[in-house]
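# Coordinate analysis (summary)
Here is how the chains run, residue by residue.
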Amino acid sequence: MSMAESSAPATVQDRPDPPAHLALRDVTKTYKSRRGTVDAVAGASFQIARGEFVSVVGPSGCGKSTLLTMVAGLVQASSGDIEIDGEPVDGAHPRLGVVFQRDALLEWRTVLRNVMLQSEVRGLNGDKHRARAAELLRLAGLEGFDDRYPYELSGGMRQRVSICRALLHEPELLLMDEPFGALDALTRERMSADLLEIHQSSGVSVLFITHSIPEAVLLSDRVVVMTSRPGRIAEIIDIDLPRPRTPALESAPEFAGHVAHVRELFVREGVLTR
């Protein structure tokens, strides 16, 4: 081999891929009870690239939320590996933000102080993050509600406060466990539009749990389809729809095609009927 050949830079194809932002490899979760063991998740494997939006959709009780709590470090996997930027997840990760279905706001704290709770718990600079909290509330359409209390807000507004709180410390990965599940249809559509804007502007990676097929297709770069319990991955579907997206996209034939594809998988699993 000549010197010119040996010193030539590696091609893009030759260079190793960077580690996935989030990687799950053969992850299983089994719970023990007095009646025996319950298999919640079985052999789940997928990755999320930095800045990617990935939804997990499946029937109730299939282990979607269990999967998220394992990624969050709140529950330990029975077997398999979960890594963030190549590092094993071992407890709560400092660069994560988590939003649950219930907003979990503290009723005795104002909107601003609920958002700032993230700063207090993490011991962050108060002045710096107070300014960021105000900006997040403005982006969420909650400007002027800083001193309101949770009981004065609608369900959608409360959930926006919860999302602002999760984003306060500028997480690199946002975990969302059916955050719109308790909302009415119109509020849910508005929240989906807000989340699309947040993802577009922040570039945060998102793992989103839902049982809504259209919601998963609208929001995601890829959709992970899970089977009934024990939750296995039936298929991972690339959603090749252009961004930026709006709820108006739901009327497009391409959107309907993706929804039909996911639905067909559930028909095959016996979860839905034709």
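Now for a look at the structure at hand.

The rules behind each value
Residues numbered from 1 in each chain as written. Predicted model: local features only at pLDDT ≥ 70, side-chain atom pairs only at ≥ 80, totals over all residues. Heavy atoms only, no water. Helix = DSSP H or I, 4+ residues; strand = E, 2+ residues; numbered from the N terminus. Buried < 20%, exposed > 50% of the residue type's maximum accessible area, 1.4 Å probe, protein only. Contact = heavy atoms within 4.5 Å. Lys, Arg positive; Asp, Glu negative; His and termini not counted. Charge placed at Lys NZ, Arg CZ, Asp CG, Glu CD. Axes fitted to C-alpha atoms, helices over the stretch in contact; angles between N-to-C directions. Left-handed = near helix turned anticlockwise from the far one by under 90°. Salt bridge = Lys/Arg side-chain N within 4 Å of Asp/Glu carboxyl O. Pairing = 2+ DSSP bridges. Parallel < 35°, antiparallel > 145°, perpendicular 65-115°, else oblique. Nonpolar A, V, L, I, M, F, W, Y, C, P; charged D, E, K, R; others polar.

### Some remarks on the overall build of the protein
What the protein contains, in helices and strands, is 8 helices and 10 strands. Structurally, the protein occupies a C-alpha span of about 70 × 60 × 50 Å along its principal axes. Here the protein, with 274 residues, has 46% of them falling under the buried criterion. Within the protein, counting contacts between residues at least 6 apart in sequence, those at least 24 apart form 70% of the total. The positive charge centre, built from 31 side chains, and the negative charge centre, built from 37, are 6 Å apart in the protein.

### A few points about the environment of Arg232
Of note, Arg232 is situated in the loop between strand 9 (222-226) and strand 10 (233-238). With relative accessibility at 47%, the residue Arg232 sits in the partly exposed group. Ignoring any residue separated from it by four or fewer positions in sequence, one finds Arg232 in contact with Ala42, Val225, Met226 and Thr227.

### Comments concerning the packing of helix 3 (residues 111-122) against helix 5 (residues 155-167)
Closest axis-to-axis distance for the helix 3/helix 5 pair is 7 Å, and the angle between their directions is 35 degrees. Crossing handedness for the pair helix 3 and helix 5: right-handed. Note on element contacts: helix 5 touches helix 3 through Val161, Cys164, Arg165 and Ala166, opposite Val111, Asn114, Val115, Leu117 and Gln118.

### Thoughts on the pattern of salt bridges
Inspection of the entire model under this criterion finds 15 salt bridges. Where Arg95 meets Glu172, a salt bridge forms, and the shortest distance between an N and an O atom there is 3.2 Å. Highlighted residues: Arg95 in the loop between strand 5 (87-88) and strand 6 (96-99) and Glu172 in the loop between helix 5 and strand 7 (173-177), separated in sequence by 77 residues. In this structure, the salt-bridge partner of Arg188 is Glu215, at a minimum N-O distance of 2.8 Å. In this pair, Arg188 is assigned in helix 6 (residues 185-202) and Glu215 in helix 7 (residues 213-219), connecting sequence segments 27 residues apart. Residues Arg188 and Glu215 agree in their burial class; the two are buried. One salt-bridge network, in which partners are shared between bridges, spans Arg50, Asp85, Arg95 and Glu172.

### What about the sheet that holds strand 7?
In sheet architecture, strand pairing relies on hydrogen bonds along the backbone and comes in two forms, parallel and antiparallel. A sheet is described by the order of its strands in space; here 6 strands give the open sequence 6-7-8-3-9-10, paired in mixed fashion. Pairing within the sheet leaves two strands with one partner each, and these edge strands are strand 6 and strand 10. Sheet twist, expressed as the mean angle between neighbouring strand axes with direction ignored, is 15 degrees. Against the sheet, helix 2 (residues 64-71) touches strand 3 (53-57), strand 6, strand 7, strand 8 (205-210) and strand 9, its axis set at about 150 degrees to strand 8. Strands in contact with helix 6 are strand 3, strand 7 and strand 8; relative to strand 8, the strand with the most contacts, it is inclined by about 160 degrees.

### Some remarks on the environment of Gly86
Assignment of secondary structure puts Gly86 in the loop between strand 4 (79-84) and strand 5. Classification of Gly86 as partly exposed rests on a relative accessible area of 38%. Along the chain, Gly86 and His21 lie 65 residues apart, while their C-alpha atoms are 7.5 Å from each other.

### What to know about the packing of helix 3 against helix 4 (residues 126-139)
Relative orientation of the contacting elements helix 3 and helix 4 amounts to 130 degrees, with a least axis distance of 10 Å. Accordingly, the angle class assigned to the pair helix 3 and helix 4 is oblique. Crossing hand, helix 3 versus helix 4: right-handed. Contacts between helix 3 and helix 4 involve Val111, Leu112, Val115, Met116 and Ser119 from the former and Gly126, His129, Arg130, Ala133 and Leu137 from the latter. Looking at side-chain class alone, the contact of helix 3 with helix 4 contains 6 nonpolar, 3 polar and 1 charged residues.

### With respect to the sheet that holds strand 5
Read across the open sheet, the 4 strands follow the order 2-1-4-5; overall the sheet is antiparallel. The sheet terminates laterally at strand 2 (36-48) and strand 5, the two strands that pair on one side only. Pairing between strand 1 (residues 22-33) and strand 4: 5 bridges, direction antiparallel. By the bridge assignment for strand 4, Thr28 is matched with Ser79. Sitting on the sheet, helix 2 is in contact with strand 1, strand 2 and strand 4, with an inclination near 115 degrees to strand 1.

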